[in-house]
Amino acid sequence: MGTRPKVFLAATASLTALAASPAIAQTGDEIIVTGSRIAKSEFTSADPVQIIDPEIAKLQGQVQLADVLQQVPAAQGSIQITSAISNRFVANGGNDVQTVSLRGLGAERTLVLVNGRRAGPAGIRGSVAPFDLNVLPLSVVRQVEVLKTGASSIYGSDAVAGVVNILTRDDLDGFEGGGFSSITEHGGGESYGVDASFGKKFDRGHFFATVDYFRQQNLTRRDRGFLFCSEEYLKREADGSRADIVDFRTGRPACNSTQANMIVFSDFSGVDENGFPTFGPGLIAPNGQPIFAGQYGHEFAGVGIPINAYNPIGVSGPDNFFGVNFDGPSTGALNQFEPVEQDSDVFSRVSRISTFVEGAYDVTDGITAYGEFLFSNRKSHNNGFQRIELQQFTGASMLPFFLCDPTAYNCDPGDMGDPLNSEFTGNVILRPRVLVKSESQADVDYYRGVFGLRGEFGGGWKWDVHGQHSRSDARYTQDVIYQDAVASQTLRTRSCVGTATAVRGVPCIDVDFTDPRVLRGDFTPEERAFLTGRETGRTLFKQTSAEALVTGKLFNLPAGPVGAAFGANIRRDEISDTPGEATRAGNVANFTTAGITAGRTVSKELFGEIEVPLLEGVPMIERLTLSGAARYTHVEATARTGAKDDFSDTTWKVGADWAVTDWLRFRGTWGTSFRAPALFELFLQDQTGFLGQQDIDPCIQTAARLQAGAISQRVFDNCAADGIAPDYTGGIGPATITSGGGLGRLKPETSTAKTVSVILTPDLSGALWGGFKTRLAIDYFDIKVKDEITLLGAGNILTGCYDSENFASEAFCGLFTRTAAGPDAQSVATVTDRYVNISRQRNRGVDLSMAIEQDLGNLGALAFRAQMTWQIEDKVELFPGTEIDDNGKIGNPKWVGDFNLGWMKDGWTLFYGLDVTGAASNMKDLLRAQGGDACRTSSFRPGGRFCPDVSVPATFYHSLSLSRDVADRFRITLGVANLFDTPPPRVSTVVTATPPVIGQAPAFGTQYDYLGRRFFVSVRGKI
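Residues numbered from 1 in each chain as written. Predicted model: local features only at pLDDT ≥ 70, side-chain atom pairs only at ≥ 80, totals over all residues. Heavy atoms only, no water.

Observations regarding the overall build of the protein
Helices and strands together make up the secondary structure of the protein, namely 19 helices and 54 strands. The buried share of the protein, taken over its 1023 residues, is 57%. Accessible surface, the protein as shown: approximately 39500 Å² in total, 57% of it carbon and sulfur. (Helix = DSSP H or I, 4+ residues; strand = E, 2+ residues; numbered from the N terminus. Buried < 20%, exposed > 50% of the residue type's maximum accessible area, 1.4 Å probe, protein only. Areas by Shrake-Rupley, 256 points an atom, 1.4 Å probe, with all protein chains shown as cover.)

Okay, here's the thing in structure tokens:
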């Protein structure tokens, strides 16, 4: 039989250890098991631990640490923060951050260690908290160990869902270098990287250093067919055929994304007894009719109707404008996917350069000095878009504006209409919508240094004292639309020339948003400079800590020595985030306003751990070991204003490891964890944003929704008790949402975690089976989090109020206000949504790990690995009686699996990988929202009833690679990821509780691949 390549020998060792034993970090005679601080001489633990070999990940084409960790089944079963997600939604850490969340509990509840020591976070804006996986290149990673249960008693705060311990390389003696390239078949999203390392081992220590460069090209929406056009994806109930509205210009289902290059008009239907205008129920949609410039010429005449020929509400306008959205063909002509949106990025362009240095030196025979240094710089650039939307009067025959306030708007009560759009007439409000390109950039410098001493003293006791400091210094730049410029064009009744904007104080200019040139986003340089600008903010996050640890043997029992560990830790975290000038001034449209977020926490901890071998070598008990740990934590928080708060808690954990025979083991743990509020949860400066009434108000059309089964009788009754009519159609303007930190109101999260496992390691290597070896581990986990810290969301606050059994005294009802009078009476005016402690969250399920090896003699060797997770429960209770069940929904499948098979012979390695995401469905939510019937009929869509599709099948991603080792010095790997070019599954984007990811039709889940088939090559060599 030929010599196996060393890369796969390491992989095979990991496969074996995966099911049989916990992970280890070894230096000399010292063996530390992840999940324990006790140095020990045997590889046993009560905790479930998964070992990840980065060499296996590279054989699948994974090139970043985030790729590796987010595909772990314990993480893959829930939404992860990727570049695509963090650029579309508000994510802790800001744009292009990448984190790992275990068990769906959030990245802030997964503790990340580097070589067993807590690593400080990096990121931008005020919500920096989790460790950013971008800062550590995959080239320096020797092994990753995932502890899949809570461990605050061992590692402190944040280890609620588990711990990820990243071990760096220290094994090189000489020079090593390499590079890789991953090229997508369809273009966009390509990645490249090179690295060079030097290591030296000598009598009294070692030294290792690496420089790594990584670059990823951006992926735009037009780069992929399934991202290019978001279709409604509706199916007829009778035959399953598509019921989407068709775009007459293409003959295909119309795109269903962001409406732009149009004007929406809404009518005044009369005045009330106080002289305030009343509006038809469709001010926003669907009864308001969009109109837009007729740039399509004669071909459009058969679809859109000239506005002067179609006049349902008394509006007239220029001849080159047409009415649409009044039937199927004209609705298909809506512009909902402009070129600026087509060119927007799904993945940003990112470049990173990292330097890592690690070493140790024996100062004396009993004392070793060690240290680490990490520097990383990440630059990212994202092309996006924003929409300018404002309200304007028609230019003539308009009642004097009833709300005209010269201090708020550029208007005169005696004026009639907008002088810039005099061709439009009628008692209507025009609402132009224009898309503009918007770019954002981030530049993040991250530094981390560690220095420590370790040694031994009498009786075999070991000690370790170290200190570390990390610093994330980041600048973020974004294009902005100035709110004061938009306000100067809103509800305009006369020219603003000669005046200045309210915030910036710059000379005002008139922009005619009814001009087809402007509707296309073709601004003059003067208009663009007046409406838009660019600002830069800065985020500084520092973490400093020191720890002392003593571990050794207390005394001996018949079954072995009693091990113990004791230690203390002190840590200081500090944040200072200063947004750009326009954001601080509240002068940015489409974004939240924000002030300076600043504050610090100081944590002091004492901890201890013990391991007691009870029995060994008796019938049915080959070995029985009990373990226990406890930690006391005190955290003091101080805001920049001087306000203070403090938190303290004691956590504990007990475990048992029972080896029945040499092939059967049982293990279990039960413990508590603790998470003090993160800096941003305490100190985040007030931010304001806006949400539409339909998105948050449960009291809209309560009579109809009660009849449809969409709300409960209690909600109906409480809305009526609040004076809201059953046929209330909802407010006009958006509600103002204020969110911020909860200093003085928050208490720490607590949790309990239980695991029970069975491990089978039968020896089947006899003559019958040849060189066959197998390992199997089945782990049951159950994690309950109490007093979880979160933002409730404006909609949940209003629901919690009106769905309360104690409506009259319900605290949630005091967190929002309604408008008392005027045309928008009863609408939600403000909502206060600060970080609060909610009721609880629970996640439980089963993990299965399997490893099989088969020696084939002259034919080589096979190694197989399987990792699977079944999620039994994933529920969040925001407040008593209000429960959200995410298990089995899109993005949170009940089952995920990761399978690998490798064949090795004479320096060759053939590798096959399979990642599987189970089927999922949001149908329960849809049926609840639609009163038990998801299907509908519409005159726009002939063919009978049609239904949205909000279920996805299981998705399979295959990878294949071939590697060749030459003389133990060089290795080349060629491979294909996503072998069959499997796209993400599609779901309906209409009438669905599942928002499409990044505004697209593919299902909302980071488990799905947006890059498509890609070919990768990597080359490594050492001298």
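That shown, we press on.
Observations regarding the nonpolar core
Within the largest apolar cluster, 42 residues are counted, with the highest numbers of intra-cluster contacts made by Leu-65, Phe-131, Leu-136, Val-144, Val-164 and Ile-166. Elements with a minimum of two residues in this core: α3 (65-70), α4 (73-76), β4 (110-114), β6 (141-147), β7 (162-168), β24 (428-457), β25 (461-482) and β38 (771-786). At four residues, the largest contribution of residues to this core is made by α3. Those residues in contact with Phe-131 that lie beyond four places of it in its chain are Gln-98, Thr-99, Val-112, Val-114, Ala-119, Gly-120, Pro-121, Ile-166 and Tyr-446. By size, the runner-up hydrophobic cluster in this structure holds 27 residues, among which are Leu-390, Val-436, Cys-496 and Leu-531. (Core = buried A, V, L, I, M, F, W, Y, C linked by side-chain atoms within 4.5 Å. Contact = heavy atoms within 4.5 Å.)

Quick word on the pairing of strand β47 (residues 908-917)
For β47, a buried count of seven out of 10 residues is recorded, marking the element as mostly surrounded by other parts of the structure. Strand direction decides the pairing type here: strand β46 (residues 895-905) and β47, joined by 10 bridges, are antiparallel. Within β47, the position partnered with Asn-900 by the bridge is Gly-913. Where β47 meets strand β52 (residues 955-966), 10 bridges bridge the pair, whose relative direction is antiparallel. What sits directly across from Val-916, in β52, is Phe-956. (Pairing = 2+ DSSP bridges.)

Thoughts on the state of the cysteines
Applying the stated criterion to the full structure yields five disulfides. In this model Cys-496 forms its disulfide with Cys-508; the gap between the sulfur atoms is 2.1 Å. Given an S-S torsion of about -85 degrees, the disulfide between Cys-496 and Cys-508 has left-handed geometry. Pair noted here: Cys-496 is in the loop between α10 (483-489) and α11 (516-519) and Cys-508 is in the loop between α10 and α11, with a separation of 12 residues, a long-range link. Residue Cys-496 shares its accessibility class with Cys-508, and that shared class is buried. The partner cysteine of Cys-801 in its disulfide is Cys-813, sulfur to sulfur 2.0 Å. Across the S-S bond of Cys-801 and Cys-813 the torsion is about 100 degrees, and the bridge reads as right-handed. Taken as a pair, Cys-801 in helix α18 (residues 794-802) and Cys-813 in the loop between α18 and β40 (816-818) lie far apart in primary sequence, 12 residues in all. With relative accessibility at 1%, the residue Cys-801 sits in the buried group. (Disulfide = S-S within 2.5 Å.)

Quick notes on the environment of Thr-532
Residue placement: Thr-532 occurs in strand β26 (residues 532-557). Taking the C-alpha atoms as reference, Thr-532 lies 9.8 Å from Ala-589; in sequence the two are 57 residues apart. Here Arg-528 takes part through its backbone oxygen, which lies 2.7 Å from a polar atom of the side chain of Thr-532. (Polar contact = N/O pair within 3.5 Å; in protein donor to acceptor, adjacent residues only side chain to side chain.)

Side note on the sheet that holds β6
Spatially, the five strands line up as an open sheet ordered β3-β6-β7-β4-β5, and their pairing is mixed. Edge positions in the sheet fall to β3 (49-52) and β5 (117-118), since each of these pairs with one other strand and no more. Across four bridges, β3 lies against β6 in antiparallel orientation. Paired with Ile-52 across the strands is Val-144, a residue of β6.

Section: the sheet that holds strand β41 (residues 828-832)
If you walk across this open sheet you meet the five strands as β29-β34-β35-β41-β40, and the pairing is mixed. Looking at which strands have only one partner, the edges of the open sheet turn out to be β29 (593-594) and β40. With three bridges joining them, β40 and β41 adopt antiparallel strand pairing. Bridge pairing in β41 places Phe-816 opposite Val-831. The strands touched by α18 within the sheet are β34 (687-691), β35 (735-739), β40 and β41, with β40 carrying the most contacts at an inclination of about 80 degrees. (Axes fitted to C-alpha atoms, helices over the stretch in contact; angles between N-to-C directions.)

Quick look at a negative patch on the surface
A surface patch of like charges, here negative, comprises Glu-616, Glu-622, Asp-662 and Asp-763. Residue Glu-622 is classed as partly exposed on the basis of its relative accessible area, which comes to 34%. (Patch = residues over 30% accessible without salt bridge, like charges linked within 9 Å, V, L, I, M, F, W, Y side chains within 5 Å. Salt bridge = Lys/Arg side-chain N within 4 Å of Asp/Glu carboxyl O. Lys, Arg positive; Asp, Glu negative; His and termini not counted. Charge placed at Lys NZ, Arg CZ, Asp CG, Glu CD.)

Let's talk about the packing of aromatic side chains
Under the defined criterion, the tally for this structure stands at 15 aromatic pairs. Judged by centre distance (4.7 Å) and plane angle (45 degrees), the rings of Phe-175 and Phe-198 are tilted. Placement of Phe-175 in strand β8 (residues 174-184) and of Phe-198 in strand β9 (residues 191-202) is noted, with a sequence separation of 23 residues between them. Assessed through its relative accessible area of 29%, Phe-198 is described here as partly exposed. (Phe/Tyr/Trp six-rings, centres within 6.5 Å; stacked < 30°, edge-to-face > 60°.)

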